Protein chains: 2
Amino acid sequence: MSGSEVQKPPPLAKALYRARQGDSPCAACDVRHLAVCSALEESDLNELEAILHHTQLSAGDTLFDEGEPSTNVYNLTTGCLKLYKLLPDGRRQVTGFLFAGDFVGLANRDEYIYSAEAVSAITLCRFEKRKLDQLMHDHINFERRLLGMARFELAEAQDQILMLGRKTAMERISSFILMLSERAKRRGDPDNPVGLPMSRNDIGDYLGLTTETVSRTITRLRKSGTISLDTDHKVIINDREALVEIAEGY
Amino acid sequence: MSGSEVQKPPPLAKALYRARQGDSPCAACDVRHLAVCSALEESDLNELEAILHHTQLSAGDTLFDEGEPSTNVYNLTTGCLKLYKLLPDGRRQVTGFLFAGDFVGLANRDEYIYSAEAVSAITLCRFEKRKLDQLMHDHINFERRLLGMARFELAEAQDQILMLGRKTAMERISSFILMLSERAKRRGDPDNPVGLPMSRNDIGDYLGLTTETVSRTITRLRKSGTISLDTDHKVIINDREALVEIAEGY
DNA sequence: CGATACATTGAGGTTTATCAATTTGTGTGG
DNA sequence: CCACACAAATTGATAAACCTCAATGTATCG
């Protein structure tokens, strides 16, 4: 369907860019155009910075657990974070994977309604909800931006529901690879060798399948030539058209 | 878990209430406290009324189809509406059932991302999106209300995703009955003999099951005494505790 | 380089889907 | 109000997709 690869600026350019920006870390943020922060004018960024704390976690670390009071919201700036819910007997449903630029907390009420765990090493901006609410109050664009994000996520949720309710294992895996590819592109990462930072088990818990079914299905896609594996966590899409057809149920 | 039954005002009281309200239909609207309209002051209601059109549909009528330009949004005031998406081979996923007070269109982009069809006879308030956006611009509370609704729906979508990804047929049916009961209560309808206006087929397409599995599962719940059927479309919950335990996966 | 977690592959079982028949419910016209 | 026709729901028998349990292979990280 596409094929053009938008590359992230290489480290050197990035450093120069940052250096040029003066003393506001937010102004130099790589993902500002993707994040909630894009709703604010350059001149209002200091207000945001005043209430923001940078945080980092290693792969496997827990950010918060379902049921905890949701005092903070976050904006992911690097890495991959997974959100999940558990049933009492241990069955797990991963409800989403988040990447750079994604906002964590829109769906949460007074308590977190899911747990969040780092898939890879991650960095995030943490905001106290209380303070952010206050700031939001004075910046209508910020609220508009959040409404826009919520509506977007709602539309994505519909697709996930269709997938879980009616798609076969083959269709789910194909949809998943394409989704990751499209999201990578959207945030300026390469969209063809597409990274799958999460484990097969995590993929299964996201797609409502077992690890084994995920593995077998990827093998089938590989043997058919539609995709190749560079490593277990890097997929080469050989025939995007075919993948789209499978994903959409033709 | 609960049991108290909040009854709708009977028709006579309703008529008197309406008569008392003067010349603003919105001010007398039964579901105003549930709908988006609750975001507006009494004094601003005329603005809303100026851009609103009342509509009604019979059971089975289509409100809009996936892919159409989404020029309107709606607020459902009576009856039940279903939203669904189709795969090319005809597999269908019902992504939601809407009742009085529910808003249609939050998730939609420039084109409707799902089709909408009346389950029962329905009445709705139609708004031209363009005009509503304009009005919204002047009424920050309206936007806040929409953001609140979107966040609420996002949280509900998480539960639906958990259900479709990880719950058994038995757990899905139990969750579904409880959800309908809770929503009925929330809008002031009886929460115990709980109405199921939709067909078994629709339920199946919502829960990612077939008609037959829905039917068999309801039969099992009936034979175990947990529920009874008044008619096919009215369920009596005999043991709510048990139903909750099943629904939550114990 | 070895230990450990992760991924793949295989054999067999379970749940739910599919196909088919029957019963029940609903709405319409006589 | 009843009889009929049609749609919806139920029930049964069989099949398929995916899960479970188990073994083997392969990255990854001290």
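Conventions and cut-offs
- Residues numbered from 1 in each chain as written.
- Chains lettered and ligands numbered in written order.
- Predicted model: local features only at pLDDT ≥ 70, side-chain atom pairs only at ≥ 80, totals over all residues.
- Heavy atoms only, no water.
- Salt bridge = Lys/Arg side-chain N within 4 Å of Asp/Glu carboxyl O.
- Helix = DSSP H or I, 4+ residues; strand = E, 2+ residues; numbered from the N terminus.
- Buried < 20%, exposed > 50% of the residue type's maximum accessible area, 1.4 Å probe, protein only.
- Near = heavy atom within 4 Å.
- Polar contact = N/O pair within 3.5 Å; in protein donor to acceptor, adjacent residues only side chain to side chain.
- Nonpolar A, V, L, I, M, F, W, Y, C, P; charged D, E, K, R; others polar.
- Pairing = 2+ DSSP bridges.
- Arc of directions from axis to C-beta.
- Contact = heavy atoms within 4.5 Å.
- Core = buried A, V, L, I, M, F, W, Y, C linked by side-chain atoms within 4.5 Å.
- Least-squares fit on C-alpha atoms with pLDDT ≥ 70 in both.
- Axes fitted to C-alpha atoms, helices over the stretch in contact; angles between N-to-C directions.
- Parallel < 35°, antiparallel > 145°, perpendicular 65-115°, else oblique.
- Phe/Tyr/Trp six-rings, centres within 6.5 Å; stacked < 30°, edge-to-face > 60°.
- Lys NZ or Arg CZ within 6 Å of the ring centre and 35° of its normal.
- Domains from an automatic or database assignment.
- Buried area = accessible area lost by both parts, 1.4 Å probe.

What to know about the pattern of salt bridges
Alright, step 1. Within the structure shown, the criterion is met by 30 salt bridges over all chains.
Alright, step 2. Here Lys85 of chain A and Asp159 of chain B are joined by a salt bridge, their closest N and O atoms 3.1 Å apart. Of this pair, Lys85 of chain A sits in strand E4 (residues 81-86) while Asp159 of chain B is found in helix H4 (residues 140-166), placing the two residues in two different chains.
Alright, step 3. Take Lys85 of chain A: its relative accessible area is 5%, and that puts it in the buried class.
Alright, step 4. We classify Asp159 of chain B as partly exposed; its relative accessible area is 39%.
Alright, step 5. A salt bridge links Lys82 of chain B to Glu117 of chain B; its shortest N-O distance comes to 3.4 Å. Of this pair, Lys82 of chain B sits in strand E4 (residues 81-86) while Glu117 of chain B sits in strand E7 (residues 115-118), placing them 35 residues apart in sequence.

Points about the protein's contact with DNA strand C
Alright, step 1. Inspection of the region around DNA strand C gives 18 residues, with Ser215, Arg216 and Thr219 of chain A together with Glu212 and Thr213 of chain B positioned closest.
Alright, step 2. Of all atoms in DNA strand C that approach within 4 Å of the protein, 64% are sugar or phosphate atoms.
Alright, step 3. Ser215 of chain A has a polar side-chain atom sitting 2.7 Å from a phosphate oxygen of DNA strand C.
Alright, step 4. Measuring from a phosphate oxygen of DNA strand C, one finds a side-chain N or O atom of Thr213 of chain B at 2.5 Å.
Alright, step 5. Counting only elements with at least two residues in the surface near DNA strand C, the list comes to helix H6 (200-207) and helix H7 (211-223) of chain A together with helix H7 (211-223) of chain B.
Alright, step 6. No other element matches the four residues that H7 of chain A contributes to the surface near DNA strand C.
Alright, step 7. By residue class, the composition of the surface near DNA strand C is three nonpolar, nine polar and six charged.

Some thoughts on the sheet that holds strand E10 (residues 227-231) of chain A
All names here are of chain A.
Alright, step 1. The sheet built from three strands is open, its strands ordered E9-E11-E10 with antiparallel pairing. Single-partner strands in this sheet number two, and they are strand E9 (194-195) and E10.
Alright, step 2. With two bridges connecting them, E9 and strand E11 (residues 234-237) associate as antiparallel partners. When the sheet's bridge partners are listed, Gly195 is paired in E11 with Lys234.

What to know about the sheet that holds strand E10 (residues 227-231) of chain B
Alright, step 1. Strand order in the open sheet formed by three strands is E9-E11-E10 (chain B), and the pairing between neighbours is antiparallel. Each of the sheet's edge strands pairs with one partner strand only, and the pair in question is strand E9 (194-195) and E10 of chain B.

Quick word on helix H8 (residues 240-248) of chain B
All names here are of chain B.
Alright, step 1. Those residues of H8 not exposed but buried are Arg240, Leu243, Val244 and Ala247. Projection of H8 onto a plane perpendicular to its axis shows the buried side chains occupying an angular sector of 100 degrees, all on one side.
Alright, step 2. Looking at the packing, one finds that the buried side of H8 touches helix H5 (169-186), H7, E10 and strand E11 (234-237).
Alright, step 3. Backbone geometry just downstream of H8 places Gly249 in the positive-phi region, at approximately 90 degrees.

Topic: the nonpolar core
Alright, step 1. One finds Phe142 of chain A together with Phe142 of chain B to be the most contacted residues of the largest nonpolar core, which totals 86 residues.
Alright, step 2. Ignoring sequence-local partners within four residues, the contact set of Phe142 of chain B consists of Val36, Ala39, Leu40, Leu48, Leu132, Leu135 and Met136 of chain B.

Brief notes about helix H6 (residues 200-207) of chain B
Residues and elements named next belong to chain B.
Alright, step 1. In terms of burial, H6 is a largely internal element, seven of the eight residues being buried.
Alright, step 2. For H6, the set of buried residues is Arg200, Asp202, Ile203, Gly204, Asp205, Tyr206 and Leu207.
Alright, step 3. Residue Gly208 follows H6 closely and has a positive phi angle near 70 degrees.

Re the relation of the copies chain A and chain B
Alright, step 1. Under the fitted operation, chain A is carried onto chain B by 0.0 Å of movement along the axis and a turn of 180 degrees, and the coordinates agree to an RMSD of 0.0 Å. Taken together, the rotation and translation relating the two chain copies correspond to the operation of a two-fold axis.
Alright, step 2. The residues that chain A uses at the interface reappear at the interface of chain B in 100% of cases, marking a shared surface.

Let's talk about the packing of helix H5 (residues 169-186) of chain A against H6 of chain A
Each pair of packed helices can be summarised by the angle the axes make with each other and by the distance between the axes.
Residue and element names in this part refer to chain A.
Alright, step 1. Direction vectors running N to C along H5 and H6 enclose 110 degrees, while the axes themselves pass 11 Å from each other. Here H6 runs roughly perpendicular to H5, going by the angle between their axes. Residue-level contacts link Arg172, Ile173, Phe176 and Met179 of H5 to Ile203, Tyr206 and Leu207 of H6.
Alright, step 2. A breakdown of the residues in the contact of H5 with H6 according to their chemical character gives six nonpolar, no polar and one charged.

A word on the packing of aromatic side chains
Residue and element names in this part refer to chain A.
Alright, step 1. Per the counting criterion, the structure on display carries twelve aromatic pairs over all chains.
Alright, step 2. Here the aromatic rings of Phe176 and Tyr206 are separated by 5.5 Å at their centres, their planes lie at 50 degrees, and the arrangement is tilted. Here the residue Phe176 occupies a position in helix H5, and Tyr206 occupies one in helix H6, the gap between them amounting to 30 residues. Each member of the pair, Phe176 as well as Tyr206, carries the same accessibility label: buried.
Alright, step 3. Members of the aromatic cluster, joined through ring pairs, are Phe64, Tyr74, Tyr112 and Tyr114.
Alright, step 4. Lying across the ring of Tyr84, Arg92 places its NZ or CZ 5.4 Å from the centre.

Overview of the domain arrangement of chain A
Residue and element names in this part refer to chain A.
Alright, step 1. Per the domain assignment, the segments of chain A are domain 1 (11-160) and domain 2 (167-248).
Alright, step 2. The centre of domain 1, based on its C-alpha atoms, is set 25 Å off from the matching centre of domain 2.
Alright, step 3. Taken residue by residue, the interface counts 17 residues in domain 1 and 13 residues in domain 2.
Alright, step 4. With both sides pooled, the region where domain 1 packs onto domain 2 buries about 1,300 Å², and carbon together with sulfur makes up 56% of that total.
Alright, step 5. Contact with domain 2 buries area across many residues of domain 1, yet Arg92, Phe97 and Phe99 alone supply 46% of it, more than any other trio.
Alright, step 6. Inspection of the domain 1/domain 2 interface yields four salt bridges.
Alright, step 7. The shortest N-O distance in the salt bridge between Asp202 and Arg92 comes to 2.7 Å.
Alright, step 8. Linking domain 1 with domain 2 are eight residue pairs in polar contact (both at pLDDT 80 or more).
Alright, step 9. Residue contributions to the side of domain 1 that touches domain 2 peak at seven residues, all from strand E5 (residues 92-98).
Alright, step 10. Across the side of domain 1 that touches domain 2, the residue classes tally to nine nonpolar, four polar and four charged.

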